[in-house]
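Descriptive analysis of the structure
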Amino acid sequence: MSDIVATNQTILVVGGGISGMTAALEAAEVGKQVIVIEKRPFIGGRVSQLYKYFPKLCFPTCGLEINQRRMNANKNITVVTMAEVTGLEGEAGNYTATVKISPRYVNSNCTACGACGDAVESEFDNEFNYNMDKHKGAYLPYNLAQPKRYVIDPQMIGTDDAQKAKDACKFDAIDLDMQEETIELKAGAVIWATGWRPYDANKIQPYGYDRIKNVITSVEFERMMDPFGPTGGKLVRPSDGAEAKNVAFIQCAGSRDRNYLKHCSRICCMASLKQSTYVSEKYGDDANVSIYYIDIRAIDRFDDFYQRVKEDKNVTFIKSKVASIVENKANGNPTLHGVDTEGYNRYANEHDLVVLAVGMEPSVDKDTFPIELKVNDEGFIEYDEANGGVFAAGCSSDALDVNRAVQHATASALRAIQVVNRVAKAEG
Amino acid sequence: MSSMVEKYRNNFLKEVEANVEEGEWVKMCMQCGVCAGSCPLGKHWDHPPQEIFMMIRAGKRDEVLTSDSMWMCTSCYNCIVRCPRELPITHIMHGLANYAKRLGLAPKAQPTAWFSQVFWDNMMKKGRVNELKLGLSLYFKDGFVSGIKESLKHQKLGMNMMKAKRMSPMELFGGHGVKNAGDLQKIIKKAQEIENARIESYGK
Ligand SMILES: Cc1cc2nc3c(=O)[nH]c(=O)nc-3n(C[C@H](O)[C@H](O)[C@H](O)COP(=O)(O)OP(=O)(O)OC[C@H]3O[C@@H](n4cnc5c(N)ncnc54)[C@H](O)[C@@H]3O)c2cc1C
Ligand code: SF4
Ligand code: SF4
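Residues numbered from 1 in each chain as written. Chains lettered and ligands numbered in written order. Predicted model: local features only at pLDDT ≥ 70, side-chain atom pairs only at ≥ 80, totals over all residues. Heavy atoms only, no water.

1. Description of the nonpolar core
Residues and elements named next belong to chain A. Ile11, Val34, Ile77, Ile152, Ile174 and Ile191 are the most contacted members of the largest nonpolar core, which has 50 residues in total. When residues of this core are traced back to their parent elements, those giving at least two are β1 (10–14), α1 (18–28), β2 (33–37), α2 (60–73), α4 (160–168), β11 (189–192) and α8 (402–427). The greatest single-element share of this core, amounting to seven residues, is contributed by α1. Shared between two domains, this core holds at least three residues of each, these being domain 1 (11–102 + 180–195 + 363–427) and domain 2 (115–168). Those residues in contact with Ile11, other than ones at most four positions away along the chain, are Ala27, Lys32, Gln33, Val34, Ile35, Ala189, Ile191, Ala416, Ile417 and Val420. Formed by 42 residues, the second largest nonpolar core is a distinct cluster that contains Ala244, Phe302, Phe317 and Met360. (Core = buried A, V, L, I, M, F, W, Y, C linked by side-chain atoms within 4.5 Å. Buried < 20%, exposed > 50% of the residue type's maximum accessible area, 1.4 Å probe, protein only. Helix = DSSP H or I, 4+ residues; strand = E, 2+ residues; numbered from the N terminus. Domains from an automatic or database assignment. Contact = heavy atoms within 4.5 Å.)

2. Overview of the domain arrangement of chain A
All names here are of chain A. Here chain A is partitioned into domain 1 (11–102 + 180–195 + 363–427), domain 2 (115–168) and domain 3 (199–360). Distance from the C-alpha centre of domain 1 to the C-alpha centre of domain 3: 32 Å. Our count for the contact surface shared by domain 1 and domain 3 stands at four salt bridges. One salt bridge connects Asp300 with Arg404, and the closest N-O pair in it is separated by 2.6 Å. Summed over the shared surface of domain 1 and domain 3, the result is nine residue pairs in polar contact (both at pLDDT 80 or more). Of the residues that constitute the side of domain 1 that touches domain 3, the class distribution is 10 nonpolar, three polar and six charged. (Salt bridge = Lys/Arg side-chain N within 4 Å of Asp/Glu carboxyl O. Polar contact = N/O pair within 3.5 Å; in protein donor to acceptor, adjacent residues only side chain to side chain. Nonpolar A, V, L, I, M, F, W, Y, C, P; charged D, E, K, R; others polar.)

3. Digging into the site of ligand 2
Lining the immediate surroundings of ligand 2 are Gln251(A), Cys252(A), Ser255(A), Arg256(A), Cys264(A), Ser265(A), Arg266(A), Ile267(A), Cys268(A), Cys269(A), Asp295(A) and Arg297(A). Split by residue class, the shell around ligand 2 holds five nonpolar, three polar and four charged. (Near = heavy atom within 4 Å.)

What follows is the structure, given as structure tokens:
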């Protein structure tokens, strides 16, 4: 890894989600040198964990694949996975970043043949599927993972299984002695594209996410639809594997609430409207969807999508923030309690499955940035002169859908390009 | 506040903002309904808090002030804890109840209203609550025979309170109080005069 070349004209992109990829491509395709630092073993970020995209309902894998190809084809881009920026010093035009690279235990000889995975027994929580299932100790994070290279779970190191994996590999790709590395990189500008994470549903105690099996989050629901996901593409209840036809969505689960996240997460209304179509896709006219909401925020052009879902007679909209969820012990059904705003009727409604439309919060905690940055109350990075040559891109700046995240990333790339252009001029 | 906004702010909302404790919060309610659904006594209310706030904004003065609803609040604070906008709902309910009573609009024979008055009168005498007399007046509220029955039912509680020195049988004869209870009464009287004057001048 120490062979990476970086100068004051290099643009460092932290986070290889759709925003980081976009910013990297925009800069690299006009000839700038770009290094992408990605924490996970693959690029693509959370978009790779979505089944379909609103508003067009196409598969995000398609757009991701195009961008992955563009990245692979571009020699101006270097991607470093399983890496984090632990230190950042300097000012616009002259930064030094300290990057910690965790061992993958698999080198570039890997052909992703899968022999190592077949050879081992041990299994570990699968973060890609929000821990709904396990992956083998030697694994490919997901089918289309880029780089297409296996990973050895560090928890397996030192066990017999690790040796079995190594012995099974015909290409000498497994190196169990790989160590953590720390490197220093120069950069003229930094694009901070570390994205978001789902709000911790356990904190919303009245909804019983930690107690009631059939209460899940929107990100988990998204994984259920993936044919290669934890349920093999079936919409079923975690408690008993029964088909989940009567599904309730609870909006603003953790958002717009001074007890949790103050901001509107902006995309979750659209996410639930989209996910209501998943239920119809699976169960046709047997689908029975209820959406509990404060108000539906299908912003600007997305209103068409909302109108279409409203016309679906299998989808009911209930204007009410659900007060609490209690499990019916007899059948595992979550019962939703509350009062609706259109008539002030008290309800106790049972559903097969409840999906919490959890909010988006920044993936990096406010006070853990390696350099001082201006952030707002919610921890999203502001656009501010004081941030010098560090520019946020995508969801590190706000809760955004992909379209807006990508636009924002392009703007950030332009800002970063201006900084390194100034350096180039000065250096002659 | 621009004049445009003022035009749409109805008179009753303004009145509540001016005269009801924490009334200026009413406009902050976003009608999510979580307070109504969280109230353990909610199903006994004619109008849950969320609806009361909407009625205030809709200018339904008589319906709100003569309502039994805010008298149902037991100060459990569930709604305050849950409200996404941190409205002090419990306090607003008590503020509305108090305001309705001051205007003579509180429903007649409302048990909470009746008890509050007994509590207040009891406390104002000596500046401290006389638990024994308060308890007795509560038990004997529906007449002598049911009073004896109620007292017997709660005998054990009374005995325990005495054991824990939370209540003394001597309270029946005079009872404890603050120093110079007369001064306290004067302070409260003055405060009431100031408040009355403010409310009377409202809208003039
Ligand atoms: C339930 C749900 C459904 C959604 N559906 C849609 C949809 O249908 N259509 C749509 O347009 N949008 C949708 N979205 C929104 C979409 O997920 C985001 O717009 C998108 O993920 C933003 O991409 P990003 O690159 O900014 O962030 P991310 O996808 O979060 O990517 C950030 C990347 O940075 C990496 N990273 C994080 N921290 C570090 C670090 N310290 N160092 C290095 N790397 C780091 C992460 O591993 C990740 O790869 C949905 C969101 C939710 C919650
Ligand atoms: S987008 Fe919808 S569900 Fe999400 S926080 Fe905003 S209003 Fe609530
Ligand atoms: S919980 Fe708060 S915001 Fe919601 S309806 Fe009640 S008072 Fe209004």
